[in-house]
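# Working through the structure, step by step
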Amino acid sequence: MPTVRPRRRPSAALAMSEDAAAAIFGPDLTDGTAALAAVCDLAPPPVLDDLTTDRARAVLAGTELLVTGWGCPPVDEAVLAAAPRLRAIAHTAGSVRAHVTEACWERGVEVSSAAAANALPVAEYTVAMILLSGKRVLERARAYRVARAPENWLRTPHDLGNYGRTVGMCSASLVGRRVIELLRPYDLRVLLYDPYVDDDEAAALGVRKVGIEELFAASDVVSVHTPLLPATRGLVSRPLLAALRPGATLINTARGAVVDQQALTEEVTAGRIHAVLDVTDPEVLPPAHPLWECENALLTPHLAGSQGNEWRRLAELTAGEVARWAAGDGFAHPVRRERLAYLA
């Protein structure tokens, strides 16, 4: 019987902020990184939050794989010069734009991202807000608290509720696709605007593809899932917001700058439409901004993405990616250089 040689274990290191490492892998890192340590030789703590120190250079000299996270410094030419053996980066969060530089792509470094895992809680948040907005839960709860008396539910307006409502999805991103999937059991009509999705793919998703103008004019709620790119900054413009039906709701869990913030503020504070904003432009609005006190707006502190126990999902996906790569099977969730123009 031929001898089966064990696969060589790649050397790896964690590169992210200490807070990110504690969130993803736990405060002492030991339990959370056990799955990684089972398939690679993981450099001991502390994590690399500065890639220019003497210790970082010593670790990087032998590192073949970087497991990165929020707060990872850019892996630029100088870092790559200190890491001659680096062949892969497995990111424990979504976007890799902040740290995977052009130099990485030029070297041919393989890149993986946990964006698919991070998309799940964002989609769940979105679906919850779509359904809550249909019932006008927040506004009615506020009125109930003031009145301290029951409302006559037989006199609720006929445009209130979730039966037969139209939901407009702005982009079939990872999050957008998951929202579409989660909405299937409900009696909702779903429209999609995405210039990179054709009619056949839209039909396979169970939605109708429309232009962006029709999406805003025909929808009771529009959910924005467009990545922030030069071409999408301000995409949700003043004319599109003006096209929304009176009483419609705009939900934004993507990036604040995709929406014309001033135009949105005017529409919402005028009482014409509602907004659920997990992101704004700027990310935290000034203390005196009118949306803070506006009854038609719900602002949340960028909480739709992975938090709390949801961080474990990111760690588990990344550990699976590292195991696949170490076994020579490649990443299941690769980030492709040619797709960067369409990714957040």
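Summarised in this report is the structure supplied together with it.

Definitions and cut-offs
- Residues numbered from 1 in each chain as written.
- Predicted model: local features only at pLDDT ≥ 70, side-chain atom pairs only at ≥ 80, totals over all residues.
- Heavy atoms only, no water.
- Phe/Tyr/Trp six-rings, centres within 6.5 Å; stacked < 30°, edge-to-face > 60°.
- Buried < 20%, exposed > 50% of the residue type's maximum accessible area, 1.4 Å probe, protein only.
- Core = buried A, V, L, I, M, F, W, Y, C linked by side-chain atoms within 4.5 Å.
- Helix = DSSP H or I, 4+ residues; strand = E, 2+ residues; numbered from the N terminus.
- Contact = heavy atoms within 4.5 Å.
- Patch = residues over 30% accessible without salt bridge, like charges linked within 9 Å, V, L, I, M, F, W, Y side chains within 5 Å.
- Areas by Shrake-Rupley, 256 points an atom, 1.4 Å probe, with all protein chains shown as cover.
- Salt bridge = Lys/Arg side-chain N within 4 Å of Asp/Glu carboxyl O.
- Lys, Arg positive; Asp, Glu negative; His and termini not counted.
- Charge placed at Lys NZ, Arg CZ, Asp CG, Glu CD.
- Pairing = 2+ DSSP bridges.

Quick look at the packing of aromatic side chains now. Summed over all chains, the structure comprises one aromatic pair. With centroids separated by 6.5 Å and ring planes inclined at 20°, the aromatic side chains of W325 and F331 adopt a geometry described as stacked. In terms of burial, W325 and F331 fall into one category: buried.

With that out of the way, let us pick up the nonpolar core. Most often, soluble globular proteins keep nonpolar side chains buried together rather than apart. By size, the foremost hydrophobic cluster in this structure holds 28 residues, and its most contacted members are F216, V236, L241, L250, L264 and V268. The element that contributes the greatest number of residues to this core is helix α10 (residues 212-218), accounting for four residues. What V236 contacts, discounting residues up to four positions off in sequence, is F216, V224, L241, L250, V258, V259 and D260.

Let's shift gears to a negative patch on the surface. The grouping of E18, D19, D49 and D50 at the surface amounts to a negative patch. Secondary-structure assignment places D49 in the loop between β2 (41-42) and α3 (54-60). Residue D49 is classed as partly exposed on the basis of its relative accessible area of 40%.

The subject of this paragraph is the sheet that holds strand β10 (residues 249-252). Ordered by their spatial adjacency, seven strands build an open sheet running β8-β7-β6-β9-β10-β11-β12, and the pairing between neighbours is parallel. One side of each edge strand has no neighbouring strand; the edge strands of this open sheet are β8 (208-209) and β12 (297-299). Bridge count between β10 and strand β11 (residues 274-277): four bridges; the pairing is parallel. Bridging across to β11, N252 finds its partner in L277.

Moving on, we come to the sheet that holds strand β1 (residues 11-15). On the basis of which strands lie adjacent, the open sheet formed by five strands has the order β2-β1-β3-β4-β5 and parallel pairing. Of all strands in the sheet, those bounded by a partner on one side alone are β2 and β5 (110-113). In the sheet, strand β4 (residues 88-91) pairs with β5 via four bridges, with the strands oriented parallel. The residue of β5 that forms the bridge with I89 is V111.

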